[in-house]
Amino acid sequence: MRLEYQIILAVGLDFVLGDPRFVPHPVRGIGRLASWLEQRGRMTIKNEMLAGTAVALCTLFFTVSGTALFIWICGILNPALGDLASIIMIYTAIAIKDLVKHSKEVYYALAEHNLELARNKTAMMVGRKTSDLDEGELVRAAVESIAENMVDGVIAPLFYALMLGPLGAIGYRAVNTLDSMFGYKDARYEQFGKFSARLDDVSNFIPARVGGLTVPLVAQLLGFKARKSWQILWRDRRQHDSPNAGWPEAAFAGALGVRLGGTNVYGSRVSVKPYLGDPLEPLNTVHITYANRLMVCAALTFLVSGVVLRLVLTAI
């Protein structure tokens, strides 16, 4: 089966199934592997940066080689089984339905005026402290998470699947998992996680920009503020402390006519982030729904464009 059809089927599976918690997920396996390697790496290599680099490379190698072996064995048993294995691996790297589901839970809690539940649901999406956030700040957290995770959970894995097949999708997911585990600027991971963080930055460089540029296009289709999205994207994309997250977040802020960024609390650390966008509208629950529409439409636009481009290039 052609890779393009495998990717389309994988996205279809994600829309239907999402991430069933009762089914073993490769990303959770990657996390356990990285934790196991971290313990041994720290004991074996005294230099923290070298240890973190070795752990990241080993995690990436074992993840990709293990996936390749799994698909190869399935293909030897039956070609159709090999295709199914490839589809499943791509499917597990994508997180469209789960992103919509988690943000909708925040929306429903806020719609019911259950602020405590909304704070708990938001805490499942973001790393910041949510226990003191009001409705507007909870909406901001949800919208920022949707915008950033559009790249991490959708555009980037699709990009690498289109480029390198299931091994590219799973390899990217391993890089993203390493960053989420080790990419902290604290005493434990400042040096150990530096390579993982930089690798994630490099891996997301193109997907973040493609994703950010796609948002104004779909904003036009959906009737949002497309022109403002372009303006804010170009004006504020470099304001974020991440080299990549500013692209989708600025584009979303402009399209929705809201202002993102501000003060976040991570444990006992207060982080003041530059503002993205102009506060043309006060943040309210409907912006969560609008952000999800932008994310899903951008994902499908990128998927269709990527598949068509691959079909055209392979036909030449």
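Now for a look at the structure at hand. Just so we're clear, the structure is a prediction, and the values are computed from it rather than from any experiment.

Things to note about the nonpolar core
Piece 1. In terms of nonpolar packing, the biggest core is built from 66 residues, with Phe252, Leu294 and Met295 touching the most fellow members.
Piece 2. Contributions of two or more residues to this core are made by helix 1 (3-17), helix 4 (79-92), helix 5 (96-111), helix 7 (135-182), helix 8 (194-222), helix 9 (226-236), helix 10 (246-256) and helix 11 (286-315).
Piece 3. For this core, the element with the most residues is helix 7, which contributes 19 residues.
Piece 4. Setting aside chain neighbours within four positions, we find leucine 294 in contact with Val215, Val218, Ala219, Leu222, Phe224, Phe252, Ala255 and Leu256.

A few points about the layout of surface pockets
Piece 1. The computed volume of the second largest pocket comes to approximately 190 Å³.
Piece 2. Lining the second largest pocket we find Phe159, Leu162, Met163, Val210, Phe302, Gly306, Leu309, Arg310, Leu313 and Thr314.
Piece 3. Those elements that provide at least two residues to the lining of the second largest pocket are helix 7 and helix 11.
Piece 4. Grouping the amino acids of the lining of the second largest pocket by side-chain chemistry returns seven nonpolar, two polar and one charged.

Here's the deal with empty space enclosed by the protein
Piece 1. One pass over the structure, following the stated rule, counts one cavity of 30 Å³ or more.
Piece 2. Each pocket or cavity is described by its volume, and for the largest cavity that value is around 30 Å³.
Piece 3. Every residue lining the largest cavity is listed: Arg128, Lys129, Leu133, Glu137, Arg140, Thr263, Asn264 and Val265.
Piece 4. Going through the elements one at a time, helix 7 and strand 1 (260-266) are the ones with two or more residues in the lining of the largest cavity.
Piece 5. Examining the composition of the lining of the largest cavity, we find that three residues originate from one element, strand 1, more than from any other.

About the thresholds
- Per-chain numbering applies: the sequence of each chain, read as written, is numbered from 1 onward.
- Residues qualify for local features only when their pLDDT is at least 70, as the model is predicted, and side-chain atom pairs are given and counted only at 80 or more; totals for whole chains, interfaces and linings, by contrast, use all residues.
- Note that water and hydrogens are dropped before the side-chain values are worked out from all heavy atoms of the structure.
- What makes a nonpolar core is a set of buried Ala, Val, Leu, Ile, Met, Phe, Trp, Tyr and Cys residues whose side-chain atoms join them at distances within 4.5 Å.
- Only protein chains enter the accessibility calculation, which uses a 1.4 Å probe; a residue whose area is less than 20% of its type maximum is buried, one above 50% is exposed, and one in between is partly exposed.
- Each helix is a run of H or I in the DSSP string that is no shorter than four residues. Each strand is a run of E no shorter than two, and both are numbered from the N terminus.
- A contact between two residues is defined here by any heavy atoms of the two lying within 4.5 Å.
- A 1.4 Å probe that fits but cannot get out identifies a cavity on a 1 Å grid over protein atoms alone, an open set with protein on both sides within 12 Å along at least five of seven lines counts as a pocket, and a residue lines either if it has an atom within 4 Å of a point.
- Grid points are joined across faces, edges and corners, and a volume is the space filled by probe spheres set on the points.
- Asp, Glu, Lys and Arg are counted as charged, while Ala, Val, Leu, Ile, Met, Phe, Trp, Tyr, Cys and Pro are counted as nonpolar; the rest, among them Gly, fall into the polar class.

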